[in-house]
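Commentary on secondary and tertiary structure
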Amino acid sequence: METHTIQGLFSESVIVYHYPSNKPSKKSILVLKGIYGEHDPNGLSWDNALVKLLQNNHHIIFIRTSRLNNKTDREAFIGKTFGQECSEIESALEYCNKNIFPEDITWCCIGASFGGTILLGTPRTLSQMKAVIMIGSGCGKTPETTKPLLSTLPETDRLLRALDTYSGIFIFLHGENDVVVPEYSQRLIYDRAGKHSNKHRWVSLPNLDHSLRDTSTKESYMAKIAFQYISGDFI
């Protein structure tokens, strides 16, 4: 695993984690985790399991956006805007294209929860994706929303406009037991994408929650299911 550091727009630097493919490959997966999510190279989360499944034939990229020093979770983002978060993602992808992958690379994005919402806010990034797998993402906020980043979300239609020029593969994974993001908000994204995508699919997953965990056993299926659809549509 390699790390690259670039200038942040908010506080400390942005870190790009690059897991090079074990075999020669021109395919790369951008993984955008949920709100306040952070990839830990030494962790045991679903994203670490995903790396093991993908790395034989794909490069994998994670981006740690800038946040306040010595703060965790939402406290680390107090004062940061959705626009700043999106701009850092776009800058990081530009860095990857110029400095990590000197030749043409084919991109796919996995946007989990708020990670998918961030993708909607980064039209330049979205336009580079051959395939998008969105998992439980939403496209709006309530008047009561006060969480950092979420409170500065643009209007729903403005977010959805990015999909009007996206014609690649679009797959939306929805856990039927998701109680975090309303299904109608997820459907708005899928329905808009379906108007322009040349291949799209809505996948309802019974007994799984917002994070694609079995609500009875608590076992996570996020990595396995994401890999399944990448294997079917991107390898």
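Here the structure is shown first, and the text comes after it.
Sequence order as written defines the numbering, with residues in each chain counted from 1. This being a predicted model, a pLDDT of at least 70 is required before a residue's local features are given, and a value of 80 or more before pairs of side-chain atoms are given or counted; all residues contribute to the totals for chains, interfaces and linings. Side-chain measures here rest on the full set of heavy atoms in the structure, leaving out hydrogens and waters.

Structural notes on the nonpolar core
Nine residue types can take part in a nonpolar core, namely buried Ala, Val, Leu, Ile, Met, Phe, Trp, Tyr and Cys, and a core is a set of them joined through side-chain atoms within 4.5 Å. Think of it in three bands: with a 1.4 Å probe and only protein chains considered, a residue is buried below 20% of the maximum accessible area for its type, exposed above 50%, and partly exposed in between. Of all hydrophobic cores here, the largest spans 44 residues; its most connected members are Leu30, Ile61, Trp107, Phe170 and Ile189. Contacts between residues were defined by any pair of non-hydrogen atoms, one from each residue, lying within 4.5 Å. Non-local contacts of Ile61, meaning those with residues more than four positions away in its chain, are made with Val16, Tyr17, His18, Ser28, Ile29, Leu30, Val31, Cys96, Ile100, Phe101 and Trp107.

As for the pattern of salt bridges
The term salt bridge refers to a side-chain nitrogen of Lys or Arg lying within 4 Å of a carboxyl oxygen of Asp or Glu. Scanning the model with the defined rule gives 14 salt bridges in all. Measuring nitrogen to oxygen at the nearest pair gives 2.7 Å for the salt bridge that ties Glu88 to Lys80. As far as burial versus exposure is concerned, Glu88 and Lys80 are alike and both buried. Residues participating in the shared-partner salt-bridge network are Glu12, Glu38, Arg64 and Arg67.

Re the side chain of Thr65
Examined against the element boundaries, Thr65 turns out to sit in the loop between strand S4 (59–64) and helix H2 (82–100). We define a polar contact as two N or O atoms separated by no more than 3.5 Å, with the added condition that, inside protein, one atom must be a possible hydrogen donor and the other a possible acceptor, whereas residues neighbouring each other in sequence contribute only through side-chain atom pairs. At a separation of 2.9 Å, a polar atom in the side chain of Thr65 contacts the side chain of Glu85. Filtering out sequence-adjacent residues up to four positions away, Thr65 remains in contact with Val14, Phe77, Lys80, Glu85, Glu88 and Ile89. Strands here mean DSSP runs of E at least two residues long; helices mean DSSP runs of H or I at least four residues long; both are numbered from the N terminus.

A short note on the environment of Asp164
Mapped onto the fold, Asp164 is located in the loop between helix H5 (156–160) and strand S7 (169–175). Given a relative accessible area of 28%, Asp164 falls into the partly exposed group. For the pair Asp164 and Lys195, spaced 31 residues apart in sequence, the C-alpha to C-alpha distance is 7.6 Å. Setting aside residues up to four positions removed in sequence, Asp164 forms contacts with Arg192 and His196. Among the polar contacts made by the side chain of Asp164, one reaches the side chain of Arg192 at a distance of 2.8 Å.

Some remarks on the state of the cysteines
Pairs of cysteine sulfur atoms within 2.5 Å are what we label disulfides. In total, this model carries zero disulfides according to the counting rule given. Counting only cysteine sulfurs, Cys109 is the nearest neighbor of Cys96, a cysteine outside any disulfide, at a range of 12 Å. By relative accessible area, which is 0% here, Cys96 ends up buried. Cys139 carries a free sulfur, and the closest cysteine sulfur to it, the one in Cys86, is 14 Å from it. For Cys139, a relative accessible area of 1% translates into the label buried.

Focus: the sheet that holds S7
The eight strands are arranged S1-S2-S4-S3-S5-S6-S7-S8 in an open sheet whose pairing can be described as mixed. In this open sheet, the two edge strands, each paired with only one partner strand, are strand S1 (2–6) and strand S8 (199–205). Sheet twist, expressed as the average angle between the axes of neighbouring strands with direction ignored, equals 15°. The rule for pairing is simple: two strands pair if DSSP sees at least two bridges between them. Here strand S6 (residues 129–135) pairs with S7 via five bridges, running parallel. Opposite Met134, over in S7, you have Phe172 as the bridge partner. Note on geometry: axes are lines fitted to C-alpha atoms, helical ones only across the stretch in contact, with angles between N-to-C directions running from 0 to 180 degrees. Across the face of the sheet, H2 comes into contact with S1, strand S2 (14–19), strand S3 (27–32), S4, strand S5 (106–112) and S6 while running at roughly 45° to S2.

Thoughts on the environment of Ile89
Its place among the elements puts Ile89 in helix H2. Overall, Ile89 belongs to the buried group, its relative accessible area being 4%. Between the C-alpha atoms of Ile89 and Lys71, which are 18 residues apart in sequence, the distance is 20 Å. The contact partners of Ile89, leaving out residues within four places of it in the chain, are Leu32, Ile63, Thr65, Ile118, Thr122 and Thr125.

Nothing here speaks to function; it is geometry throughout.
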